[in-house]
Amino acid sequence: MKTNYPLPLYAIVNLTDKTWEPYPIPKDFFKKFVGGKSLGSRLLFEFMPSHTDVFDPASVVVVNTGPLTGSGAPSTSRFNLCAKNVLTGGIATSNCGGTFGMMLRRAGFDGVIIMGASDAPCYLEILDGEIAFRDAAELWGKDTEAAQEHLPKPYGKLMIGPAGENKVSYAGLASGERMAGRCGIGAIFGSKKLKGLVAYGTKEIPVAQPERFYAYNKKWIRFLQNHSMTGDALPRYGSAGLVNKANSMNALPTKNFESGHYDAADKVSGETLAETRLTRNGSCVSCPIRCERRVRLENKEVKGPEYETLGLFGPNMGLHDIDLVIRLNYVCDILGIDTISCASTIAFAMELYEKGLADFGVRFGKADNLEEVIYKIANAEGIYAELGKGSKWLSRKYGGEDFAIHAKGMELAAYEPRRSVGMGLGYATSNRGGCHLNGGYGALVESIGVLSIRPTKRWAKPDWVVFLQNALDAISLVGCCLFSGQTFIPNILFKLGPNHIITRSIGFIASFTGPVIRLLLKFPLVLQFNTFFLMPHAESFHRCTGMHMTTGDFIRTGERCYNVERLFNVREGLTGKQDALPKRLTKDFQKYGGHDTTVPIDKMLPIYYRARGWDKNGCPTRRTLKKLGMSDLLYVLDEQEEVA
Amino acid sequence: MAAVKVQYRGRLHDLGLPEEENLTVNTVKDTLTHIKTTFGAEAYKAAKIMLVAVNATGILMLKAWNTKLADGDLVQYLPICGGG
């Protein structure tokens, strides 16, 4: 690594004795794991003893950034949180936009490793290279909006709400109006009596080759603006634009994933949102895509709902009131709750009632008490505290495991996997649980994008899923938004449209490309070049840090990230048995979707494991770890063998 | 011939086409032809590359442009979107 780029500087913070010390990231760690979720997961091995309870003071949270965070490259406001997952017991990673990541770096730190627990509410103030422990007595009990308003405006902020304070299993953190929602990391903050972090500084964010870097970014921004997805579809409709498309392909979860089609879906669609509720677009710092929906809620302008929230608080509950979804989205954000897990758990409770198994007062098609229920969940009131533990926990107590829609304990996003079987495999194998992004987001090339790789067929899907999972992890770990990766679908296909014979033929042919993708996975280093058309992030990273990085290296870095996450799961006792989906998705046909709509997980999983270089228990083999330069973690496999 | 309702969203909405109109046609292709003859080449070009759905089911899951229509069907021209 011949470069003047500085090694990342982290801070180790101990909340128990209110001390902190700087921690320069070892060169080898930086070279292999780079930043974000990859480096965060690796650091958990160093600082968190195995099988630590998530709420034990010894539990560790890593809040960190990637080298591109705040660098001025497009769509790079992202920062990341890593910890043990409250819902699954495996790895937790949660990614967020806003200004906090950039401010943390300007304050002189690339990451913070938080351990211990405070005896009284506190928050961390990180200002120009110094960290102070501040009393949060006045902030405790406040929602995320009020808590942030209480602090100086220029600060980058990251705060939990009442849900985190009450250790709701899917509590997240808010940074401005952006959410690091998934995996329950907000609850870990609550258990440590840590209300949040604020950061501010004036330090320059390092760039190794400034002129070349800024010249490349200019071209990259133009490329993003000229691409139909990032320059037109996302700014125009945001992710909300997926509602009608998913519905038209029977991929929109309806009534707790009973089916994938809802007749009145258009009432909660991105088009309806854009035409009737949108006040303007918003965006994260340095992002030319501007996908954020700004909408009016009573007398204030707020962030509008994303596709997931529209789908899961809409059709998945048998509802289609767009104003209600806007309101519930806002309520979840200020309470510090993940909308996906919250809505999905409530939908499960609705079906529990229909099946006569439990009654939490929630019904399909009934909207009038939902806001009250969400407040009670956040405040852990009475029986609603049980709803705050997620659908897996509920199904174990009340039954209904066959239709509790989660993977590893974390609820699925709003893509019906029986109409995107690759997405189904992605959900099942996702290291953090039922996540579409950690799952590779196969739905984008199967059912909801311009390209349709035969949504109900399993051919080539395992190989595609591995490739996409690696690619998305790579984009995330350098500090970029995943939306910036959607330009890998050639613009020409948008110009031809989904109904054109060429687009349809490519979708058909792609379903036979398994062997080609597998070869690429085996020898990613054949991609010894960089191009805007595949992964512009690799070249931008190279110019930012001065480190060698081609597209092939970039994919390999993503693969390393996926394996270190998986190894954390293995260390914490998760096995291949947890790479599964509920029976509803693997054995039952979609109610209106035809007789080829199940996820053939048993047939895809062995091929997926082979493509990954994992054994039949879903554990990376020694050979795979050595290939990825992770021999220092072989001891995890030794420990597993001893236990076995 | 079937009496159907056709909705125009996205780019077609921007080009000034009505939000919806009632047509009497045989197939989805007929609605596309109608767009060309009534609203011009630009609207036709935009419509051709959009997602088309009949009763909220994409025509890719039916018989594409040759999908036959029945009385009361709803044909929608929708934009292609992305997200995550």
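Presented here is a report on the structure given in the accompanying data block. (Residues numbered from 1 in each chain as written. Chains lettered and ligands numbered in written order. Predicted model: local features only at pLDDT ≥ 70, side-chain atom pairs only at ≥ 80, totals over all residues. Heavy atoms only, no water.)

### Regarding helix H2 (residues 28-39) of chain B
One turn of an α-helix holds 3.6 residues; hence residues three or four places apart share an orientation. Residues and elements named next belong to chain B. Compared with the 16 Å implied by 1.5 Å per residue over twelve residues, the 16 Å span of H2 between its first and last C-alpha is a close match. For H2, the set of buried residues is Val28, Thr31, Leu32, His34 and Ile35. Along the axis of H2, the buried positions cluster into a sector of 155 degrees, meaning they face one direction only. Against the buried residues of H2 lie strand S1 (2-8), helix H1 (10-14), strand S2 (20-25), helix H3 (41-48), strand S3 (51-54) and strand S5 (74-78). Of the residues one or two after H2, glycine 40 is the one with positive phi, at around 100 degrees. (Helix = DSSP H or I, 4+ residues; strand = E, 2+ residues; numbered from the N terminus. Expected span 1.5 Å × (residues − 1). Buried < 20%, exposed > 50% of the residue type's maximum accessible area, 1.4 Å probe, protein only. Arc of directions from axis to C-beta. Contact = heavy atoms within 4.5 Å.)

### Section: a nonpolar patch on the surface
Residues and elements named next belong to chain A. Taken together, the side chains of Trp459, Phe508, Ile509 and Phe512 present a nonpolar region at the surface, about 420 Å² in accessible area. Tracing the backbone through its elements, the reader meets isoleucine 509 in helix H21 (residues 501-510). On the basis of relative accessibility, which here comes to 53%, the residue isoleucine 509 falls in the exposed class. (Patch = residues over 30% accessible without salt bridge, like charges linked within 9 Å, V, L, I, M, F, W, Y side chains within 5 Å. Areas by Shrake-Rupley, 256 points an atom, 1.4 Å probe, with all protein chains shown as cover. Salt bridge = Lys/Arg side-chain N within 4 Å of Asp/Glu carboxyl O.)

### Concerning the pairing of strand S5 (residues 91-96) of chain A
Residues and elements named next belong to chain A. Within S5, five of the six residues are buried, leaving the element largely enclosed by the surrounding structure. The pairing of strand S4 (residues 79-84) with S5 spans six bridges and is classified as antiparallel. Pairing of phenylalanine 79 across the sheet is with cysteine 96, part of S5. A loop of six residues connects S4 with S5, the two strands running antiparallel in sequence, and glycine 89 in this loop sits at a positive phi of about 80 degrees. (Pairing = 2+ DSSP bridges.)

### Description of the pattern of salt bridges
Residues and elements named next belong to chain A. Under the definition given, this model contains 47 salt bridges over all chains. Arginine 42 is paired through a salt bridge with glutamate 46; the nearest N and O atoms lie 3.0 Å apart. You can see arginine 42 and its partner glutamate 46 sitting in helix H2 (residues 36-47), four residues apart, about one turn around the helix. Residue glutamate 46 is classed as partly exposed on the basis of its relative accessible area, which comes to 42%. Between aspartate 110 and arginine 105 there is a salt bridge, and its shortest N-O distance comes to 3.0 Å. Assigned by exposure class, aspartate 110 and arginine 105 land together as buried. Connected through shared salt-bridge partners, Glu177, Arg178, Arg280, Glu292, Arg294 and Glu301 make up one network.

### A look at the interface of chain A and chain B
Across the contact, 38 residues belong to chain A and 29 residues belong to chain B. Buried area between chain A and chain B, both sides added, is near 2500 Å², and the carbon and sulfur share of it is 57%. The largest contributions to the chain A side of the interface with chain B come from Ser248(A), Glu275(A) and Asn499(A), which together make up 23% of the buried area. Between the two partners, chain A and chain B, sit three salt bridges. A salt bridge links Asp14(B) to Arg236(A); its shortest N-O distance comes to 2.1 Å. On the surface where chain A and chain B come into contact, there are six residue pairs in polar contact (both at pLDDT 80 or more). Where the side of chain A that touches chain B is concerned, the elements lending two or more residues are helix H8 (228-237), helix H9 (242-248), helix H10 (270-276) and helix H20 (491-496) of chain A. (Buried area = accessible area lost by both parts, 1.4 Å probe. Polar contact = N/O pair within 3.5 Å; in protein donor to acceptor, adjacent residues only side chain to side chain.)

### Some remarks on empty space enclosed by the protein
Residues and elements named next belong to chain A. A complete count under the given rule lists five cavities of 30 Å³ or more for this structure. Looking at the second largest cavity, its volume works out to about 170 Å³. Residue assignment for the lining of the second largest cavity shows that the elements contributing at least two residues are helix H18 (443-446) and helix H19 (461-477). With five residues, H19 is the largest single contributor of residues to the lining of the second largest cavity. Broken down by class, the residue content of the lining of the second largest cavity amounts to 14 nonpolar, five polar and no charged. (1 Å grid on protein atoms, 1.4 Å probe; cavity = no way out; pocket = protein on both sides within 12 Å on 5 of 7 lines; lining within 4 Å. Points joined across faces, edges and corners; volume = space filled by probe spheres on them. Nonpolar A, V, L, I, M, F, W, Y, C, P; charged D, E, K, R; others polar.)

### Observations regarding the side chain of Ser420(A)
Residue and element names in this part refer to chain A. Note on placement: serine 420 falls in the loop between strand S17 (410-411) and helix H17 (421-429). Residue classification places serine 420 among the buried residues on the basis of a relative accessible area of 0%. Discounting residues that sit within four places of it in the chain, serine 420 has contacts with Ala443, Glu446, Ser447 and Pro455.

### Describing the state of the cysteines
Two cysteines form a disulfide when their sulfur atoms are joined by a covalent bond. Tallied over the entire structure, the rule returns zero disulfides over all chains. Just so you know, Cys81(B) is unpaired, no disulfide at all, and the nearest cysteine sulfur is the one on Cys291(A), 12 Å from it. For Cys81(B), a relative accessible area of 0% translates into the label buried. (Disulfide = S-S within 2.5 Å.)

### Section: the layout of surface pockets
All names here are of chain A. The calculated volume of the largest pocket comes to roughly 750 Å³. The wall of the largest pocket is formed by 31 residues, among which Gln148, Ser175, Gly176, Glu177 and Arg178 lie closest to the centre. Broken down by secondary-structure element, the contributors of at least two residues to the lining of the largest pocket are helix H4 (144-149), strand S9 (156-159), strand S10 (173-175), strand S11 (178-180), strand S13 (278-282), strand S14 (292-297), strand S15 (300-303) and helix H12 (322-335). When its residues are assigned to classes, the lining of the largest pocket shows eight nonpolar, ten polar and 13 charged.

### Quick look at H3(B)
All names here are of chain B. Among all positions in H3, only Ala43, Ala46 and Ala47 are buried. Looking straight down H3, one finds that the buried residues subtend no more than 100 degrees of arc, so they occupy a single side. In H3, the exposed residues that point more than 90 degrees away from the buried face are Ala41 and Lys45. On its buried face, H3 sits against H1, H2 and S5.

### Focus: the environment of Val6(B)
Residues and elements named next belong to chain B. Relative to the helices and strands, valine 6 resides in strand S1. Here the alpha-carbon distance between valine 6 and asparagine 22, two residues 16 residues apart in the chain, equals 6.2 Å. Beyond its immediate chain neighbours, meaning those up to four positions away, valine 6 contacts Glu19, Glu20, Glu21, Leu23, Thr31, Val75 and Tyr77.

### So, the packing of aromatic side chains
Residues and elements named next belong to chain A. Applying the stated rule across the entire model yields 24 aromatic pairs over all chains. Aromatic pair tyrosine 23 and phenylalanine 47: ring centres 5.3 Å apart, planes at 85 degrees, arrangement edge-to-face. Note that tyrosine 23 is positioned in strand S2 (residues 19-24) and phenylalanine 47 in helix H2, a separation of 24 residues in sequence. Given the relative accessible area of 16%, tyrosine 23 is considered buried. Through pairs of rings, three or more aromatic residues link up here, namely Tyr216, Trp220, Phe223, Phe532 and Phe533. (Phe/Tyr/Trp six-rings, centres within 6.5 Å; stacked < 30°, edge-to-face > 60°.)

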